[in-house]
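Summary of the model geometry
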Amino acid sequence: IECTKYSRKQYEIPTVVGIFSAFGLVFSVSLFAWICCQRKSSKSNKTPPYKFVHVLKGVDIYPENLNSKKKFGADDKSEAKNKSVMPKNSLHLDLEKRDLNGNFPKTTPKIQSSPDPENLSPKHFGERKKDSVSPDSLKSITSLSSEDKQDKLGTLFFSLEYNFEKKAFVVNIKEARGLPAMDEQSMTSDPYIKMTILPEKKHKVKTRVLRKTLDPAFDETFTFYGIPYSQIQDLTLHFVILSFDRFSRDDVIGEVLIPLAGIELSEGRLLMDREIIKRNVRKSSGRGELLISLCYQSTTNTLTVVVLKARHLPKSDVSGLSDPYVKVNLYHAKKRISKKKTHVKKCTPNAVFNELFVFDIPCEGLDDISIEFLVLDSDRGSRNEVIGRLTLGSLAEGTGGEHWKEICEYPRRQIAKWHMLCDG
């Protein structure tokens, strides 16, 4: 009898422990689910902050105007009244005056016209406007024929100022008008602007992208500290107007080049506008040459590629020499299956690489194989620019097809050739 009682107690204890464990597990899961629901509901009730901040890499600049509510040629008196009434935490109310692209509504004709001298505030008397667009010139622009409009790339409006107290050079990119449509389907563009101070290229900035507009109003201020006023005359501003493309390389609309020699900034802010011109037309005559060595190993079914040299590479911009490097892409049936790249060579039009890459070929023979060489200019502050392009394969024309044919006819032999680069 005592043995049976002891065996019953021995079985009852694990059963009780299991029941309490099950209740504890159910309670823990329900408590965790309740906490998650409370957190989710509290997050949904919070209002998102409306604040625009420039995101720039490796550049010592400080954007001053975060609300971007001042438009070129707008009235400063109405702006001062709004500032006095508006509380500090009402930044989102100003942003609601714009559309989703950050543009002001086009129903206010005063914004598009030049400021009236009779209604100017005292602040405007300290500013000088250079090359302003008069109403007569605007009428003449609207009356252009369709052929003339195709040649026009638009107009860029900006202002320059030097702050003697902070020893800072201030550039305000206001707006662009009459940009061409880079997207053929929607007949619009997604413009943004890159700006570089030449010749040293130390200061590089860019604006935000404004979606689906041909008259973007950026109104972004960039302040460059540490530039003495005595050096302003030796600098050149280089604006590049681009259209953002999510699925491929961004389209270059044009450029504006402003030498600061002869421009006096001691009397106050200077308002300027310039016609946008095609970019680097002078570089289209030659993109340079690339020396490539190829060897096809039929036994191991591998392709050895040696990037030897590049010569006569064009300048990336008016500042001077480029910093070239080479990307090598291997394609099988028009699908990229491998990629390599060389090291960057600083400030030279005649780079020596001497770098070897070995690619495994997934099929027998080289009929469906092609290699693409992209020579790029390394740019730490923005997207690297393509200097030139070269394709080698059975369907390639010129020296590219001849070189490919030779390595197929003479396997296990290293064959080197110079190739002319084409536009990227």
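You'll find the protein chain entered in an unreviewed UniProt entry as C2 domain-containing protein, with Strix occidentalis caurina given as the organism. Its UniProt record gives the protein chain a comment under Sequence similarities (unreviewed entry), which states: "Belongs to the synaptotagmin family."

A side chain with one charge can pair with a side chain of the opposite charge if their charged atoms come near. Within the structure shown, the criterion is met by 7 salt bridges. The salt bridge involving Arg269 is made with Glu161; its shortest N-O contact spans 3.3 Å. Taken together, the residues span a long stretch of sequence, with Arg269 in the loop between β8 (251-259) and β9 (270-275) and Glu161 in strand β2 (residues 155-163) at a distance of 108 residues. For Glu161, a relative accessible area of 26% puts it in the partly exposed group. The shortest N-O distance in the salt bridge between Glu406 and Lys417 comes to 3.6 Å. Of this pair, Glu406 sits in helix α8 (residues 399-409) while Lys417 sits in strand β17 (residues 415-420), and the two are 11 residues apart along the sequence. Here Glu406 falls in the partly exposed class, since its relative accessible area comes to 26%.

Two modes of strand pairing occur in sheets, parallel and antiparallel, and in both the strands are linked by backbone hydrogen bonds. Ordered by their spatial adjacency, 4 strands build an open sheet running β5-β4-β7-β8, and the pairing between neighbours is antiparallel. What marks the edges here is a single partner per strand, and that holds for β5 (204-206) and β8. On average, each strand axis in the sheet is tilted by 15° relative to the strand beside it, whichever way the strands run.

In spatial order, the strands read β13-β12-β15-β16; together these 4 strands make up an open sheet with antiparallel pairing. The open sheet is flanked by β13 (335-341) and β16 (385-393), the only strands paired with a single partner. Within the sheet, the average angular offset between the axes of one strand and its neighbour, ignoring direction, is 20°. Relative to the sheet, α8 contacts β15 (369-377) and β16, its axis offset from that of β16 by approximately 45°.

A surface patch of like charges, here positive, comprises Arg249, Lys327, Arg336, Lys339 and Lys341. Element by element, the count of residues in the positive patch is highest for β13, at 3 residues. Given the relative accessible area of 43%, Arg249 is considered partly exposed.

How each quantity is defined
Residues numbered from 1 in each chain as written. Predicted model: local features only at pLDDT ≥ 70, side-chain atom pairs only at ≥ 80, totals over all residues. Heavy atoms only, no water. UniProt positions renumbered as here; feature names shortened; annotations may be inferred. Salt bridge = Lys/Arg side-chain N within 4 Å of Asp/Glu carboxyl O. Helix = DSSP H or I, 4+ residues; strand = E, 2+ residues; numbered from the N terminus. Buried < 20%, exposed > 50% of the residue type's maximum accessible area, 1.4 Å probe, protein only. Pairing = 2+ DSSP bridges. Axes fitted to C-alpha atoms, helices over the stretch in contact; angles between N-to-C directions. Contact = heavy atoms within 4.5 Å. Patch = residues over 30% accessible without salt bridge, like charges linked within 9 Å, V, L, I, M, F, W, Y side chains within 5 Å. Areas by Shrake-Rupley, 256 points an atom, 1.4 Å probe, with all protein chains shown as cover. Lys, Arg positive; Asp, Glu negative; His and termini not counted. Charge placed at Lys NZ, Arg CZ, Asp CG, Glu CD.

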